[in-house]
Amino acid sequence: MSDITFEKLSDNVGIEVLDVDVDRLLNDDEIPAWCLDALDTYGVLLFRELNADDDAQVAFGRRLGELVKFPQYANPEVMEISFDPANPSAKYFGANDHWHLDGSLDEIPAKASIMSARVIAAVGGETEFASTYAAYDALTETEKRRFAELRVAHSMSGVQSRANPNPTPKQAADWARWPVREHPLVWNHENGRCSLVFGATAAHVVDMDLDEGKALLLDLEQRATAPDRVYRHTWTVGDMVMWDNRGLVHRACEFDRSEPRRMHRTTLAGEEAIG
Ligand code: OGA
Ligand code: MN
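Residues numbered from 1 in each chain as written. Chains lettered and ligands numbered in written order. Predicted model: local features only at pLDDT ≥ 70, side-chain atom pairs only at ≥ 80, totals over all residues. Heavy atoms only, no water.

Digging into the side chain of Ser-10
Inference 1: Tracing the chain through its elements places Ser-10 in the loop between strand S1 (5-8) and strand S2 (15-18).
Inference 2: Separated by 2.6 Å, the side chain of Ser-10 and the backbone oxygen of Val-13 make a polar contact.
Inference 3: In this view, Ser-10 contacts Val-230 and Tyr-231; residues no more than four positions away in its chain are not counted. (Helix = DSSP H or I, 4+ residues; strand = E, 2+ residues; numbered from the N terminus. Polar contact = N/O pair within 3.5 Å; in protein donor to acceptor, adjacent residues only side chain to side chain. Contact = heavy atoms within 4.5 Å.)

So, in structure tokens, the structure goes:
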């Protein structure tokens, strides 16, 4: 029986893990299975003021599975999330304030992400999470039947044009290099549960009138992310949060982008295609 204790952070999503420090995270044999199991059940694990450095965050991630490599960074297992112009990916973070799941343009999206706050914004810059399993479960039976047939086209221009509706020809060409990816609206997971797949990259519903499809996607997103269904994390430097990227959507809340807010993210590679 595990003696890891925790407290719920909201009705639908998230727990705070208590009594776990970096040493325990890296050395307790129970930790990997416990975390993966809790992640599946609660979606978000918060380790408040853990103060794990990059090496500890990566070592923890490796205990849980294979890590995604981001070759544009000196430490390729740590992605820097910031608007610092020197950050090679800064231009792609502009739409992080729209609900999304990471890697929705890939065939197999990330399994989970682990993110620590290094520098926080003076005002705003919280991160919000909402369960897309709960979103599916809340559908009517008629909707479940209807949505089982639908497919959604996801694209980089779909997401980037939200942050930048008037791209330069070069930007538009950059976006167009990413493949358009079709996913079913309903993800039947290997764990037997179903979730909805929507969010920032979702451009339109396949074989549906464009406006009707957009309205449907917006309605589903609004229902899933109504304030009482969301866990909003207000960061303290040193907090580490891990989220299940398969049954959740997340977004960054508004902040002054000229501020040096900086998060360090380590990502567990996906194992299951959306299907
Ligand atoms: C991400 C992300 C949100 C934030 O790193 O994938 O969406 O609050 N971050 O920075
Ligand atoms: Mn993200």
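After that view of the structure, there is still more to cover.
Remarks on the site of ligand 1
Inference 1: In the vicinity of ligand 1, the residues found are Ile-81, Asn-96, His-100, Asp-102, Met-115, Thr-127, Trp-243, His-250, Ala-252, Arg-261 and Arg-265.
Inference 2: Taking Arg-265, its side chain carries an N or O atom lying 2.6 Å from an oxygen atom of ligand 1.
Inference 3: Burial of ligand 1 by the protein amounts to 99% of the accessible area it has alone, namely 290 Å².
Inference 4: Broken down by class, the residue content of the shell around ligand 1 amounts to four nonpolar, four polar and three charged. (Near = heavy atom within 4 Å. Areas by Shrake-Rupley, 256 points an atom, 1.4 Å probe, with all protein chains shown as cover. Nonpolar A, V, L, I, M, F, W, Y, C, P; charged D, E, K, R; others polar.)

Section: the coordination of the manganese ion (ligand 2)
Inference 1: The protein atoms that coordinate the manganese ion (ligand 2) are His-100 (NE2), Asp-102 (OD) and His-250 (NE2), at distances spanning 2.1 to 2.2 Å.
Inference 2: Mapping the donors of the manganese ion (ligand 2) onto the primary sequence gives the spacing H-x1-D-x147-H. Of this pair, Asp-102 sits in the loop between strand S4 (79-81) and strand S5 (112-119) while His-250 sits in strand S14 (residues 248-252), and the two are 148 residues apart along the sequence.
Inference 3: The exposure class assigned to His-250 is buried, which follows from its relative accessible area of 5%. (Donors = N, O, S within 2.8 Å, 3.2 Å for Na, K, Ca; no water. Buried < 20%, exposed > 50% of the residue type's maximum accessible area, 1.4 Å probe, protein only.)

Side note on unusual backbone geometry
The general pattern is negative phi for most residues beyond glycine and trans for most peptide bonds.
Inference 1: Unusually for a residue other than glycine, Asp-19 sits at a positive phi of about 60°.
Inference 2: On the secondary structure map, Asp-19 appears in the loop between S2 and helix H1 (22-27).
Inference 3: Accessibility expressed as a relative area gives 59% for Asp-19, which makes it exposed.
Inference 4: In this structure, Asp-207 takes a positive phi of about 60° despite not being glycine.
Inference 5: Note that Asp-207 resides in the loop between strand S11 (202-205) and helix H8 (210-224).
Inference 6: Overall, Asp-207 belongs to the exposed group, its relative accessible area being 83%.

Quick notes on the pairing of S1
Inference 1: As paired elements, S1 and S2 share four bridges and run antiparallel to each other. Looking at the pairing, Phe-6 lines up with Val-17 of S2.
Inference 2: Between S1 and S2, which pair antiparallel and follow one another directly, the connecting turn spans six residues, one of which, Gly-14, has a positive phi of 95°. (Pairing = 2+ DSSP bridges.)

Quick look at the environment of Val-241
Inference 1: By secondary structure assignment, the location of Val-241 is in strand S13 (residues 240-244).
Inference 2: Along the sequence, Val-241 and Thr-168 sit 73 residues apart, while their C-alpha atoms lie 36 Å from each other.
Inference 3: When sequence neighbours within four positions are dropped, the list of residues in contact with Val-241 reads Val-44, Leu-45, Leu-46, Ser-113, Ile-114, Met-115, Phe-129, His-233 and Trp-235.

Considering the sheet that holds strand S15 (residues 262-268)
Inference 1: Read across the open sheet, the seven strands follow the order S1-S2-S3-S13-S5-S15-S4; overall the sheet is mixed. At either end of the open sheet lies a strand with only one pairing partner, and these are S1 and S4. The mean inter-strand angle of the sheet, taken between neighbouring strand axes irrespective of direction, is 25°.
Inference 2: The pairing of S2 with strand S3 (residues 44-47) spans two bridges and is classified as parallel. Across the sheet, residue Glu-16 finds its bridge partner in S3, namely Leu-46. (Axes fitted to C-alpha atoms, helices over the stretch in contact; angles between N-to-C directions.)

Geometric descriptors of this kind do not, in isolation, establish any biological role.
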